[in-house]
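Chain by chain, the residues:
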Amino acid sequence: MAEVRWTLQATDDLDSTAQFISKDSPQYARLFVSDVFQAVERLSEFPKSGRIVPELNDPVVREVTAASRSTSSRGGRSSALCAQI
């Protein structure tokens with residue numbers, strides 16, 4: 001299982017998106033955060049999952065989608081970095 005570390009930008013993005021959603025629906029904001037955490041948890045089990053980011057064309061940098069948002073990560077065999085939400 002790989003270690004997943006969050007960048008400050010990723011945590012800030014998640015927080016600001018959840019705050020924005022909660023203005024209309026606190027319930028959907030909680031569901032959104034839960035979906036993102038589940039997608040990132042999958043990264044810890046499968047750090048090479050997701051599609052290669054076309055703009056970078058680097059097989060180490062992958063993108064997973066959660067709650068209609070993509071999450072970019074840079075992963076190897078034993079670690080993954082959640083870089084952006």
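None of the values given here were measured: they were computed from a predicted structure.

A. Representation of the overall build of the protein within the structure. Helix and strand content of the protein: two helices and five strands. The secondary structure elements of the protein, listed N-terminal to C-terminal, are β-α-α-β-β-β-β. A burial count over the protein gives 33% of its 85 residues as buried. Sequence separation of 24 or more characterises 48% of the internal contacts of the protein that already satisfy a separation of 6 or more.

B. The arrangement of the environment of Val53 in detail. Looking at the element boundaries, Val53 is found in the loop between strand E2 (51-52) and strand E3 (61-66). Beyond its immediate sequence surroundings of up to four residues, Val53 is in contact with Asp58, Val61, Arg62 and Glu63.

C. Looking closely at the packing of helix H1 (residues 8-22) against helix H2 (residues 26-45). Two numbers describe how H1 lies on H2: the axes approach to 7 Å, and their chain directions differ by 150°. By the angle class used here, H1 and H2 are roughly antiparallel. Crossing of H1 over H2 shows right-handed handedness. Here H1 contributes Leu14, Thr17, Ala18, Ile21 and Ser22 to the contact with H2, which in turn contributes Pro26, Tyr28, Ala29, Phe32, Val33, Val36 and Phe37. When the residues that make up the contact of H1 with H2 are grouped by side-chain class, the tally is 10 nonpolar, two polar and no charged.

D. Spotlight on unusual backbone geometry. One non-glycine residue with positive phi stands out, namely Asn57, at about 50°. Here Asn57 is to be found in the loop between E2 and E3. Since its relative accessible area comes to 63%, Asn57 is described here as exposed.

Cut-offs and rules
- Position numbers for residues start from 1 in each chain and track the written sequence from start to end.
- Local features in a predicted model are, by the rule used here, given only for residues with pLDDT of at least 70; side-chain atom pairs are given and counted only at 80 or more, and totals for whole chains, interfaces and linings are based on all residues.
- Excluding hydrogens and water, the side-chain values take into account all heavy atoms of the structure.
- Starting at the N terminus, helices and strands are each numbered in turn, a helix being any DSSP run of H or I of at least four residues and a strand any DSSP run of E of at least two.
- A simple rule labels every residue: compare its accessible area, found with a 1.4 Å probe on the protein chains alone, to the largest value its type can have, and call it buried under 20%, exposed over 50%, or partly exposed in between.
- Whether two residues are in contact is decided by their heavy atoms: any pair within 4.5 Å suffices.
- Between N-to-C directions, angles cover 0 to 180 degrees, with each direction set by a line fitted to C-alpha atoms, over the stretch in contact for helices.
- Here is the rule for angles: anything less than 35 degrees is roughly parallel, anything more than 145 is roughly antiparallel, 65 through 115 is roughly perpendicular, and the remaining ranges are oblique.
- Crossing handedness is read from the near helix: turned anticlockwise from the far helix by less than a right angle, it gives a left-handed crossing, and turned clockwise, a right-handed one.
- Three categories are distinguished: nonpolar for Ala, Val, Leu, Ile, Met, Phe, Trp, Tyr, Cys and Pro, charged for Asp, Glu, Lys and Arg, and polar for the others, with Gly belonging to the last.

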